[in-house]
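Below, each chain spelled out in residue letters.
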Amino acid sequence: MTFAATVLTLYPEMFPGPLGVSLAGRAREEGKWSLATVQIRDFAIDKHRTVDDTPAGGGAGMVLRADVLAAAIDHARSLSPNAPVIAMTPRGKPLTQARVRELAAGPGVTALCGRFEGFDERIFAGRQVEEVSIGDIVLSGGEPAALMLLDACIRLLPGVMGAPSSGSEESFENGLLEYPHYTRPAAWEGRTIPEVLRSGDHAKIAAWRKQQAEIDTRLRRPDLWERHEGARVLSASGAR
Ligand code: ADE
């Protein structure tokens, strides 16, 4: 099955961009995913091809018009009827690896990219549109966020990643950051690889990696650690 990526944007020339090379580029050539871009401006209704207007109530910037967006979304839905429509916005729900996994297992993703101050809010009620943020930062537009979302999905598609285990052990898959990695040379700038990794004792290595993942998560991401511990305590108590 081909994963159908559709991107609604005012800058279709930004795609496939980085998704045209390496893993994603090869996977696209192999037909594992497809890309369609929709130029939002093609759905403007006036002769100047206007897509935005000033914010109601005043203020800075411009807002993408609901009527233009609706026409563009309806067109994208006709191209890929079962793919969820996801608007990239810093006001959205933070994207998680769990949501990426769900999306990668589905028929595709239709990503709606905003520019300016954002979208007319009515679009989210009038059309089934999920709002997603890639982090608490503000980009100049949704395009880099859409590239990130698609990249995260594409690498999970069957046959795209070389070794399947590198998907299940990595950061966030078990609620923790991944353990640190090392490779040759064994000594570099006075620093050596942890001895246990050269022991050949797989059980000891696995235990060390688990411990490192826990330490790093606790120190770097107390938010993740708290959730992880919460889930562990709940499951130990037999609660569902
Ligand atoms: N557009 C601008 N900033 C964004 C963000 N943080 N996430 C998703 N889309 C965006």
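Position numbers for residues start from 1 in each chain and track the written sequence from start to end. Local features in this predicted model are restricted to residues whose pLDDT is 70 or higher, and side-chain atom pairs enter the listing and the counts only when it is 80 or higher, whereas totals over whole chains, interfaces and linings include all residues.

Going by the annotation in an unreviewed UniProt entry, the name recorded for the chain is tRNA (guanine-N(1)-)-methyltransferase, with Novosphingobium ginsenosidimutans given as the source organism. UniProt positions are given in the numbering used here, feature names are shortened, and annotations may be inferred rather than shown by experiment. Within the UniProt record for the chain, the comment given under Subunit (unreviewed entry) is "Homodimer." Quoted verbatim from the Catalytic activity (unreviewed entry) field of UniProt, the annotation for the chain is "guanosine(37) in tRNA + S-adenosyl-L-methionine = N(1)-methylguanosine(37) in tRNA + S-adenosyl-L-homocysteine + H(+)".

(A) Region of interest: unusual backbone geometry. Following Phe15, the chain continues to Pro16 via a peptide bond in cis, the omega torsion being 0°. Secondary structure counts use DSSP, requiring at least four H or I residues in a row for a helix and at least two E residues in a row for a strand, with both numbered from the N terminus. Mapped onto the elements of the fold, Pro16 is located in the loop between β1 (3-9) and α1 (22-29). Residues Arg184 and Pro185 are joined by a peptide bond in cis, for which omega reads 0°. Here Pro185 lies in the loop between α6 (165-168) and β9 (187-188). In the Ramachandran plot, Arg49 falls in the positive-phi region, its phi being about 55° despite a non-glycine side chain. For Arg49, the position within the fold is in the loop between β2 (33-39) and β3 (52-53).

(B) The sheet that holds strand β7 (residues 118-119), seen in detail. Spatially, the three strands line up as an open sheet ordered β3-β4-β7, and their pairing is mixed. At either end of the open sheet lies a strand with only one pairing partner, and these are β3 and β7. Pairing between two strands is assigned when DSSP locates at least 2 bridges connecting them. As paired elements, β3 and strand β4 (residues 63-64) share two bridges and run antiparallel to each other. Bridging across to β4, Asp53 finds its partner in Val63.

(C) Up close: α1. Working definition of burial: number of other C-beta atoms within 10 Å of the residue's own, with buried at 20 or more, exposed at 12 or fewer, and partly exposed in between, all C-beta atoms being placed from the backbone. Taken as a whole, α1 has its buried residues at Ala24, Ala27 and Arg28. The arc enclosing the buried residues of α1, seen along the axis, measures out at 100°, which places them on a common side. Facing away from the buried side of α1, by more than 90 degrees, are the exposed residues Ser22, Arg26 and Glu29. Turning to α1, the residues buried within the fold contact β2 and α5 (143-154). Looking at the residues trailing α1, positive phi occurs at Gly31, about 80°. This arc corresponds to the set of directions leading from the helix axis out to the C-beta atoms. Residues are scored as being in contact if the C-beta atoms we place from backbone atoms lie within 7 Å.

(D) The arrangement of the nonpolar core in detail. Remark: nonpolar core denotes a set of buried Ala, Val, Leu, Ile, Met, Phe, Trp, Tyr and Cys residues whose joining runs through C-beta atoms within 7 Å. Ranked by size, the top nonpolar core spans 43 residues in total, and within it Ala111, Leu112, Leu149 and Leu150 carry the most contacts. Put simply, the parts of the chain that give this core at least two residues each are β1, α1, α2 (66-79), β5 (85-94), α3 (97-104), β6 (108-113) and α5. Counting residues per element, this core draws most heavily on α5, which supplies seven residues. Among all residues touching Leu150, those that are not within four sequence positions of it are Ala5, Leu19, Val109 and Ala111.

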